[in-house]
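This is what each chain is made of:
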Amino acid sequence: MESPPGIEHEILQVKRGSTLDEKEGEDIATLEFQGGVYDDLREIDLGEDGKERPIETDMDVAMRLISLDDDPTLPAFTFRMWFLGIGLACFGSVLGQIFTISVSPLFLQILSYLLGVALEQIIPGPGHPLEKLQMKNNAFWRFMNPGPFNIKEHVAITILSSTAAGSALAISIFAADDLYYGIQPNVGVGIFTLIGSQLIGYGLGGIMRSFLVYPTYIVFPNLLPTVQLFDALHRGKKIFLQKKRVKFFWTIFAAIFVWEWFPEYIAPTLTGISVFCLANKNSAWFTRIFGGAAGNEGLGMFALCLDWNYVGSGGGSLGALFTPISTQLSLYFGTMICIIAFCACYAQNTFNGQNFPFLSQALFYENGTLYDQLSILDDDFRLDEAKLDVVGLPWFASSQVLTKIGSNLAIGATITHVLIWYGKGILGVIRQYRAGENYDPHLAKMKVYHEVPTWWYIAVFVGSLAMAMATIYTGHSGLPWWGLIVAIILSAIFLPFVVTVFAITGFTPDIQNSRSVDDAWKPQTNMYFTLYGSNTLQQALGLIRDLKMGQYTKLPPRVTFAVQSCGAVVGGLLNYVIMKVIVSAHREILLDVQGDNVWSGQQVQSFNSDAVSWGALGNHLYTPSGRYGIVPFSILIGLRSNSFLDRPPEVPESGCQSCRHTHTLLDPRLLECWYQYFSFTTFCLAVFSQYYLRRYRPRWFRKYNFLMSAALDGGTQVMVFVFTFAVGGGSGTVINMPNWALNPKGNPDYCQRLT
């Protein structure tokens, strides 16, 4: 089985001539009986020299890292699944809305497993190990407790709850409308806007699933730790080698939970140890280049970060232990370019950069004070040209301008990159799907389940589009019908490109910069345009990722469809109710720039500010003659650059690996974050894991690398959750750690404080 042209060269720096390639004529299903991922020695893992060969191809990932084992008789729609799924959906949604805590899927995966095993022991049912809890073997008791908590229930709970846990973007619009513009849509309009905006992307993603979910080259590297954890917890429970893997997971999980209290609370200096700042504490340039342990402090060059909350996949890093080495090398090479560019532009006072902080995301007057956006708007919140003439246009920090340019370069480069490398392959996959061919071993195993008819997804898309079309008028959004259509078309165009790059490399470009530039539109109108443009793509990306997880774990497609839809609706409704309560009870605090130790309106303020700058000031800042006209023009530059730098699949290898990753090389997205000091540490970990372990310790890499990633991320996320409510202010009271050598006043890394 061959991957589409070019794809195998991207995923894991592929080499042909592997043992698996020689087995193309075999029935792939027979290979699953050669052992599980936990086994030490399997025929499929051996190279020509009789030793285990590295994981290199997309088929290696599908066959050697992920189990093909499946039991179609296992039930998914059980009481435990619905009870825990909806319960954890409410839990994650409420926490995310009230405390702006990102409840990660991995955290929900671990919590749902512990609760599922508990319910297995508590709820009566047929075959229960306790005689007094054994019941008749009928449909009702099989629904209540069919037996051991199984992988299909677990996956369904994780998808349902994680779908609901993310805050719906429409909530930010409703909050901004209420707080800043005195607009309160009625409950019906609000609910239908939520449902329409959440599900429209699901319909779009489902329609494209034949080439964005099913092919082998659609790997999603960030799914591998999650899928291996499902495998370790549910398959081969009585086998010693699998027990060893599970013990390894819980040991790492416990160790990182304990360790994280030090960098997160007791000794914050451990989050960014800078030898350069310790050597020179009074240099502004040392702070800008080598500092970074505090927000917007510096670029963190060569700083050592011992906080997995930032080094791991939850803190802004792509995930050093699972993202392909080629992607990470490209990103870190791009990071070095950005460090040089940021410093050069600031030193040369490009864009008047020295008037503003070195790193900042805010808008400023030319003298460096914060810009008052409301001072240029009329009573209807449209741009008042007379006021603008008096106040003047706002300025960005030079680093922020470069970040916006880099993000748009990445958008254009992504489109060209996918067309050059994967265009023919994607068309071939579509033809195979229509012919009913099996072009992936996991897809072949899924043939025993009823597929979701394409018309279901079309119906979801059409129904959601109808709701959106109705609510943009009944909700007085100001967005015309054609604006809605344009936003959705943009999402549909970008979706294949963004998903393909993300699924293969682990990198996803940010398309939120592709906003409307029309100062005739009110800020609310631009917010709705972003909702149906950017959010539609993000929802589709989430659905596609979950469908791939269902394919890896053999969850029936109709179960995946049901729990995804349920999670989107449940999460959206809870978000709306909680938002109304919070805005009503804490209006003044949410409007305050700083907020207090519990409540903050920062997210809504930022979203509204972006709508004002792109709407009211778009034609002044971002048109070709505008101050920052280069920002949107960078998309075209990115499109053209890859036509020169990317090599088509027919061109022989030249050894220039980074040229194939121009979409990542050109993007300084790692430096958009407030915290950049983890870059050097993640680079070192990437080389150790994705190069050394993958190549020279392939058996350990196959059995433990991704499980270790899941343990480190999971333990850290549980610790952060406990920390938030114990001492971080989630319970209403912040308990500060006393200052000492590793918790100094000022910057934690002892760099000179510049702001």
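In this numbering scheme, every chain counts its residues from 1 along its sequence in written order. Where local features are concerned, this predicted model is filtered to residues with pLDDT of at least 70; where side-chain atom pairs are given and counted, the filter is 80 or more; whole-chain, interface and lining totals use all residues. Derived side-chain values reflect all non-hydrogen atoms in the structure, with water molecules and hydrogen atoms excluded from consideration.

## What to know about the confidence of the model for the protein chain
Heads up, the rule is: Think of pLDDT as the predictor's per-residue confidence, scored from 0 to 100. Note on contacts: a residue pair is in contact if any heavy atoms of the two residues lie within 4.5 Å.
Here the protein chain averages 81 in pLDDT, and 83% of its residues register 70 or above. Within the model, pLDDT remains below 50 along residues 1-33, and this stretch shows 87 contacts once partners closer than five positions in the same chain are excluded.

## Here we look at the side chain of Asn747
This is how the line gets drawn: Here a strand is any run of E in DSSP of at least two residues, a helix any run of H or I of at least four, and the numbering for each starts at the N terminus. Here's how the labels work: a residue is buried when its accessible area is under 20% of the maximum for its type, exposed when over 50%, partly exposed in between, all with a 1.4 Å probe on protein chains only. Whenever a nitrogen or oxygen atom comes within 3.5 Å of another N or O atom, the pair is scored as a polar contact, on the condition that within protein one atom can donate a hydrogen and the other can accept it, and that pairs from neighbouring residues in sequence are kept only if both atoms are in side chains.
In this fold, Asn747 is placed in the segment after helix H30 (698-726). The exposure class assigned to Asn747 is buried, which follows from its relative accessible area of 6%. At 3.0 Å, the side chain of Asn747 and the side chain of Arg753 are in polar contact. When residues no more than four places from it in sequence are discounted, the contact partners of Asn747 are Ala294, Glu297, Gln752 and Arg753.

## Side note on unusual backbone geometry
It is generally the case that most residues other than glycine have a negative phi and that most peptide bonds are trans. Within the chain, Asn349 stands out as a residue other than glycine whose phi angle is a positive 60 degrees. You can call Asn349 partly exposed: its relative accessible area is 30%. A positive phi is found at Tyr750, a non-glycine position, where the angle reads about 70 degrees.

## Looking at the packing of helix H20 (residues 454-474) against helix H22 (residues 523-553)
Stated precisely, the cut-off is as follows: Lines are fitted to the C-alpha atoms to define the axes, a helix being fitted only along its stretch in contact, and any angle between axes, read from their N-to-C directions, falls within 0 to 180 degrees. Should an angle lie under 35 degrees it is considered roughly parallel, over 145 roughly antiparallel, and from 65 to 115 roughly perpendicular; all remaining angles are considered oblique. Definitions for this section: a left-handed crossing has its near helix turned counterclockwise from the far helix by less than a right angle. A right-handed crossing has that turn clockwise. Three categories are distinguished: nonpolar for Ala, Val, Leu, Ile, Met, Phe, Trp, Tyr, Cys and Pro, charged for Asp, Glu, Lys and Arg, and polar for the others, with Gly belonging to the last.
Direction vectors running N to C along H20 and H22 enclose 155 degrees, while the axes themselves pass 14 Å from each other. Our classification of the angle between H20 and H22 gives roughly antiparallel. Crossing angle aside, the handedness with which H20 passes H22 is right-handed. Residues Tyr457, Ala468, Thr471 and Ile472 of H20 lie in contact with H22, whose contacting residues are Tyr532, Leu543 and Leu547. Per-class residue counts for the contact of H20 with H22 are 6 nonpolar, 1 polar and no charged.

## Describing helix H2 (residues 58-65)
An α-helical turn contains 3.6 residues, so a residue and the one three or four places further along point in the same direction. Counting buried positions along H2 yields 8 of 8 residues, so the element is predominantly enclosed. Looking only at H2, the buried set comprises Asp58, Met59, Asp60, Val61, Ala62, Met63, Arg64 and Leu65.

## So, the pattern of salt bridges
Between side chains of opposite charge, a pair can form as their charged atoms come close. Formally: Salt bridges are defined by distance alone: a side-chain nitrogen of Lys or Arg within 4 Å of a carboxyl oxygen of Asp or Glu.
Within this structure, the stated rule accounts for 15 salt bridges. Here Arg235 makes a salt bridge to Asp231, at a shortest N to O gap of 3.5 Å. Assessed through its relative accessible area of 11%, Arg235 is described here as buried. With relative accessibility at 5%, the residue Asp231 sits in the buried group. Residues Asp546 and Arg545 are paired through a salt bridge, measuring 4.0 Å at the closest nitrogen-oxygen approach.

## Some points on the environment of Arg694
Within the element layout of this structure, Arg694 appears in helix H29 (residues 679-696). Remark: the alpha-carbon pair of Arg694 and Pro54, spanning 640 residues in sequence, is separated by 5.7 Å.

## Side note on helix H8 (residues 187-207)
Selection criterion: Helix span is expected to be 1.5 Å times the residue number reduced by one.
The terminal C-alpha atoms of H8, which comprises 21 residues, lie 30 Å apart, in line with the 30 Å expected from a rise of 1.5 Å per residue. Within H8, 16 of the 21 residues are buried, which leaves it mostly tucked inside the rest of the structure. Where H8 begins, the capping side chain belongs to Asn186, and its oxygen is found 3.0 Å from the backbone nitrogen of Gly188.

## Regarding the packing of aromatic side chains
What counts is decided by this rule: Classification of ring pairs uses Phe, Tyr and Trp, with its six-membered ring standing for Trp, and accepts pairs whose centres are within 6.5 Å; under 30 degrees between planes counts as stacked, over 60 as edge-to-face, and the remaining range as tilted. Consider the ring centre and the ring normal. A charge sits over the ring if Lys NZ or Arg CZ is within 6 Å of that centre and within 35 degrees of that normal.
Applying the stated criterion across every chain, the model contains 40 aromatic pairs. One aromatic cluster is present, formed by Phe276, Phe286, Phe290, Phe302 and Phe680 through successive ring pairs. For the cation-ring pair, Arg288 lies above Trp285, with the distance from its terminal atom to the ring centre recorded as 4.9 Å. Lying across the ring of Trp395, Arg627 places its NZ or CZ 3.7 Å from the centre.

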